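Coordinates in review
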Amino acid sequence: MAQFLFLCLTKTNFYKFLVMCGIVAYVGQQDALPIIIKGLKRLEYRGYDSAGVALLDQRGLSIYKKKGKVAELEKFLEETGDIHANVGIGHTRWATHGEPNDVNAHPHYSSSERFAMIHNGIIENYEVLKKDLLQKGYTFQSETDTEVFVKFIEDIYQHNGCSLEEALRLALHKVVGAYAIVLINLEEPNTLIAARKGSPLVIGVGEKEYFFASDATPIIEYTNKVVYLDDYEIAVVRNGELQIKTIENVETNPYINQLEMELEAIEKGGYEHFMLKEIFEQPKSIADCLRGRLDAKSGRLVLGGLREYMNKFQNAERIIITACGTSWHAGLVAEYLFEEFARIPVEVEYASEFRYRNPVINEKDFVIAISQSGETADTLAAIELAKSRGATIFGVCNVVGSSIPRTTHAGSYTHAGPEIGVASTKAFTAQISVLAMMALKLGYQRGTLPESTYIQLLHELAAIPAKVEKALQTNALVEKIAAEYKDARNMLYLGRGYNFPVALEGALKLKEISYIHAEGYPAAEMKHGPIALIDEEMPVIFIATQDSSYEKVVSNIQEVKARKGKIVAVVTEGDTQVKALADHVIEVPLTHEAFTPLLSVVPLQLFSYHIAVMRGCNVDQPRNLAKSVTVE
Ligand code: F6R
């Protein structure tokens, strides 16, 4: 799908409470356990503090859980013996409350151990439900809301004498919060029951077999036919048939989507880490993002998702960009792009701040929400808020079918392909590529960008993938420089103009994967405080490419040099001025300054990658982080 164009589907406002976790389930003829374990490993980016499975075979329904990564669970299962089942559910957890341990890990049994459930989300009224169940004599082993949820379903089941499906439906009318759940039932061996509200759930449709997962990565190996379950829907697979109903008991027709993802896109393909693979994929991911949209020769620039909303976009009084983390940095780059080319005022907001400060926003505002995962809780909540005030919401997302594209009025996918390393790299450059196309289109349509400049910029943007390829050739040099700085305790990243967000992004990359403290600043701000930090121990990373603020940045470099700071500079090929001052320079090709971030960020990504590897850090799964931040 080239663009997304979805209308508002969700009614929820619960995103602030979502919990990060990954769920996988299988029912069919194959051995369920290897499918589930492999799937959980693919979803580990969503959480990796404990994992578990529930399997149903002739012996009954058994749960196996272990604190730690999925590999720990796998080892434990191997030691347990030969386990074969055709139906099972699995979960990988990222704890928000209830410490990561074997007991709090999912799945959770109902009291009779007739059912087991996995859950991604959070039940806000679980304490009230628990109090009620305690009064009825229920006991609880774990501290989780999920155990309360499954026991609550069982209580309804027993009390009403109805089917599990009906008990679930009734329970869903009473629970407050968010969930993607899958239930397995001892008495129905060929059945899985799932439901969703606020947390993602994809159903893979095979030949008489079905897969459930938090995203499509565990499924792609077996089928490319998927159904995205919507909020307030319940899916039942029974004896090889899938049925979907709303929680009002109205049957709906499952819409089968064709997945375009390739299996190799989610494998390491010979690289030591996903992060390195994803950094090296950028020439291709940017080209994929531009493909079919930008044709420099004919001057054609088409973003299908924008078509219907172009009028609103062009006449917007203000553009508000909302996002988190790296996506927010891409938003900052976009602020420069939109203001320079389209002359519309732009505000870039941390989604987490925007949603809590009663912002002034109305129907004349055009809001752009940027997110790799499409699941970030704060960004989703910011969208809901802006939507409730009448603004038009446009999403720039990477994960096809995720919650943000399903919630916004329209949008464009970044087409970067699955990004599995927790640190965002190729998603960042793809986001900037989409935003650059939007800015060029808008500027041209509004007449603020003359045709000749527009055409020249299209050519320049089309040349970016080849230039990124060249920027990647700095890898060996960057690795050498990294070896010199791997033991630093702090680093400062400085850049101006379009390279200021790159400084922020470089610092974030270093912090999150190598655990070295780093700060990004506009270079000129250094003299207002950070300069006090400079001594011979302080490495300062300058982004000093040939652009309108080059001379000013050179002055800042001199200021650092005068204080004996160590200087690493990303410069434009052929630079001599900075070379004479810096301890190390890394050259990237020349481009229009508006597109410089697409090149200057590359050595910074490589720099943090190599430092993290040299420090023995878990590059793809840094401590305390998860890829989909579905918690506030
Ligand atoms: C940093 C990183 C995070 C994400 C942030 C937003 O490398 O990955 O800062 O950028 O959590 O995530 P998305 O883009 O999925 O909304």
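Residues numbered from 1 in each chain as written. Predicted model: local features only at pLDDT ≥ 70, side-chain atom pairs only at ≥ 80, totals over all residues. Heavy atoms only, no water.

1. Focus: the overall build of the chain
Our working rule: Only DSSP runs of H or I covering at least 4 residues are called helices, and only runs of E covering at least 2 are called strands; the numbering of each starts at the N terminus. Values of the radius of gyration come from C-alpha atoms, whereas the globule rule sets the reference at 2.2 Å times the count of residues to the power 0.38. The rule is simple: take the accessible area with a 1.4 Å probe, protein chains only, and divide by the maximum for that residue type; under 20% is buried, over 50% is exposed, in between is partly exposed. Here, residues are in contact when the closest pair of their heavy atoms is within 4.5 Å. Only the protein chains shown count as cover for residues, with accessible areas throughout obtained via the Shrake-Rupley method and a probe of 1.4 Å. This count recognises Lys and Arg as positive and Asp and Glu as negative, with His and chain-terminal groups excluded. Lys charges are placed at NZ, Arg charges at CZ, Asp charges at CG and Glu charges at CD.
Helix and strand content of the chain: 20 helices and 28 strands. The C-alpha radius of gyration computed for the chain amounts to 25 Å, which stays within 12% of the reference 26 Å derived for 632 residues, consistent with globular compactness. Projected onto its principal axes, the C-alpha coordinates of the chain cover approximately 80 × 55 × 45 Å. Across the 632 residues of the chain, 63% fall into the buried class. At a minimum sequence separation of 6, the contacts of the chain that also span at least 24 residues come to 73%. Approximately 23400 Å² of the chain is accessible, and the part contributed by carbon and sulfur atoms is 49%. Seen as two clouds, the 64 positive and the 80 negative side-chain charges of the chain have centres 2 Å apart.

2. Comments concerning the domain arrangement of the chain
Note: interface size is frequently given as the accessible area lost on complex formation between the parts. Threshold: The start and end points of each domain follow an automatic or database-based domain assignment. Accessible-area loss on putting two parts together, using a 1.4 Å probe and summing over both, is the definition of buried area adopted here. The salt bridge criterion pairs a side-chain nitrogen of Lys or Arg with a carboxyl oxygen of Asp or Glu, the two atoms within 4 Å. Residues adjacent in sequence count toward polar contacts only when both atoms are side-chain atoms; beyond that, a polar contact is any pair of N or O atoms within 3.5 Å, and within protein one must be able to donate a hydrogen and the other to accept it.
If you check the domain split of the chain, you get domain 1 (22-265), domain 2 (268-462) and domain 3 (469-625). Placing a centre on the C-alpha atoms of domain 1 and another on those of domain 2 gives a separation of 34 Å. Between domain 1 and domain 2, the buried area comes to about 890 Å², and carbon and sulfur atoms account for 50% of it. Looking only at domain 1, the three residues that lose the most surface to domain 2 are Tyr45, Tyr228 and Ala265, adding up to 48% of its buried area. In this assembly, domain 1 and domain 2 are joined by one salt bridge. The salt bridge partner of aspartate 230 is arginine 406, with a shortest N-O separation of 2.1 Å. Across the contact surface, domain 1 and domain 2 share three residue pairs in polar contact (both at pLDDT 80 or more).

3. Some details on the sheet that holds strand β14 (residues 241-246)
As a reminder, the rule being used: At least two bridges found by DSSP between two strands is the condition for calling them paired.
Strand order in the open sheet formed by seven strands is β6-β7-β8-β9-β13-β14-β15, and the pairing between neighbours is antiparallel. Two strands lie at the open edges of the sheet, namely β6 (108-109) and β15 (251-252), each paired on one side alone. Bridge count for strand β9 (residues 191-197) against strand β13 (residues 233-238) is six bridges, and the pairing is antiparallel. From the neighbouring strand, alanine 194 faces β13, where its bridge partner is alanine 235.

4. Brief notes about the nonpolar core
The cut-off we apply is this: Definition of nonpolar core: a set of buried residues of the types Ala, Val, Leu, Ile, Met, Phe, Trp, Tyr and Cys, connected through side-chain atoms within 4.5 Å.
Within the largest apolar cluster, 93 residues are counted, with the highest numbers of intra-cluster contacts made by Phe338, Ile368, Met438 and Met491. Split by domain, the residues of this core number at least three in each of domain 2 (268-462) and domain 3 (469-625). With residues near it in sequence (within four places) discarded, phenylalanine 338 still touches Phe313, Ile319, Ile321, Arg343, Ile344, Val346, Ile368, Leu435, Met438, Ala439 and Leu442.

5. Observations regarding the packing of aromatic side chains
Our working definition: In summary, the pairing rule links any two rings of Phe, Tyr or Trp, Trp by its six-membered ring, whose centres are within 6.5 Å, and it sorts them by plane angle into stacked for under 30 degrees, edge-to-face for over 60 and tilted for everything else. Here, over-ring charges are defined by two tests on the NZ atom of lysine or the CZ atom of arginine: distance to the ring centre within 6 Å, and angle to the ring normal within 35 degrees.
In total, this model carries 11 aromatic pairs according to the counting rule given. Chaining the aromatic ring pairs together yields one cluster made of Phe313, Phe338, Phe366 and Phe394. Looking at lysine 66, its charged tip hangs above the ring of phenylalanine 76, at a distance of 4.8 Å from the centre.

6. So, the site of the ligand
So the rule is basically this: Residue proximity to a molecule or strand is established when one non-hydrogen atom of the residue lies within 4 Å of it. Residue polarity follows a fixed list, in which Ala, Val, Leu, Ile, Met, Phe, Trp, Tyr, Cys and Pro are nonpolar, Asp, Glu, Lys and Arg are charged, and the others, Gly among them, are polar.
Near the ligand you find 15 residues, and of these Ser327, Ser371, Ser373, Thr376 and Glu512 are the closest. Note that an oxygen atom of the ligand is positioned 2.6 Å from one of the side-chain N or O atoms of serine 373. A distance of 2.4 Å separates an oxygen atom of the ligand from a polar side-chain atom of threonine 376. Protein chains bury 90% of the 400 Å² of accessible surface belonging to the ligand in isolation. Among the secondary structure elements, those contributing two or more residues to the shell around the ligand are α10 (325-342) and α18 (499-514). Split by residue class, the shell around the ligand holds five nonpolar, eight polar and two charged. Two domains each put at least three residues into the shell around the ligand: domain 2 (268-462) and domain 3 (469-625).

7. Things to note about helix α4 (residues 145-160)
What counts here: Expected span of a helix: the number of residues minus one, times 1.5 Å.
In a regular helix each residue adds 1.5 Å, so 16 residues correspond to 22 Å; α4 covers 22 Å between its end C-alpha atoms and thus fits that length. Remark: glycine 161 follows α4 within two positions and exhibits a positive phi of approximately 60 degrees.

8. What to know about the packing of helix α1 (residues 32-42) against helix α2 (residues 70-80)
Filter applied, for reference: For every element, the axis is a line fit to its C-alpha atoms; helices are fit only across the contacting stretch, and the angle between N-to-C directions ranges from 0 to 180 degrees. For classification, angles of less than 35 degrees are called roughly parallel, those exceeding 145 degrees roughly antiparallel, those between 65 and 115 degrees roughly perpendicular, and all remaining angles oblique. Here a crossing is taken to be left-handed if its near helix is turned anticlockwise relative to the far helix by less than a right angle, and right-handed if that turn runs clockwise.
At a minimum axis separation of 9 Å, α1 and α2 run at an interaxial angle of 160 degrees. In terms of axis orientation, α1 runs roughly antiparallel to α2. As α1 runs across α2, the sense of the crossing is left-handed. Facing α1, whose interface residues are Leu33, Ile37, Leu40 and Lys41, α2 presents Val70, Leu73, Glu74 and Leu77. Looking at side-chain class alone, the contact of α1 with α2 contains six nonpolar, no polar and two charged residues.

9. Thoughts on the environment of valine 553
Topologically, valine 553 is positioned in helix α19 (residues 550-562). As a C-alpha pair, valine 553 and alanine 195 span 358 residues in sequence and 55 Å in three-dimensional space. Sequence-distant contacts of valine 553, defined by excluding residues within four places in its chain, comprise Arg496, Phe542, Ile543 and Ala544.

10. Looking at the side chain of asparagine 499
Looking at where asparagine 499 falls in the secondary structure, it is placed in helix α18. Judged by relative accessible area, which is 0%, asparagine 499 ranks as buried. Separated by 2.9 Å, the side chains of asparagine 499 and serine 600 make a polar contact. In contact with asparagine 499, other than residues within four places in its own chain, are Ile543, Thr545, Asp547, Thr596, Pro597 and Ser600.

11. Points about the pattern of salt bridges
Applying the stated rule across the entire model yields 30 salt bridges. One salt bridge connects arginine 318 with aspartate 365, and the closest N-O pair in it is separated by 2.8 Å. Of the two residues, arginine 318 sits in strand β19 (residues 318-323) while aspartate 365 sits in strand β21 (residues 365-371), which places them 47 residues apart along the sequence. Its relative accessible area of 4% is what places aspartate 365 among the buried residues.

12. A closer look at the sheet that holds strand β28 (residues 584-588)
The parallel open sheet is built from five strands, whose spatial order is β25-β24-β26-β27-β28. In this open sheet, the two edge strands, each paired with only one partner strand, are β25 (517-522) and β28. The sheet shows a mean angle of 15 degrees between the axes of neighbouring strands, taken without regard to direction. Here strand β26 (residues 539-544) pairs with strand β27 (residues 566-572) via six bridges, running parallel.

13. Remarks on unusual backbone geometry
Of note, the amide linkage connecting histidine 106 to proline 107 takes the cis form, showing an omega dihedral of 5 degrees. For proline 107, the position within the fold is in the loop between β5 (87-93) and β6. In this structure, lysine 208 takes a positive phi of about 55 degrees despite not being glycine. Its identity as a non-glycine residue notwithstanding, asparagine 249 has a phi of 75 degrees, on the positive side. A relative accessible area of 38% means that asparagine 249 is categorised as partly exposed.

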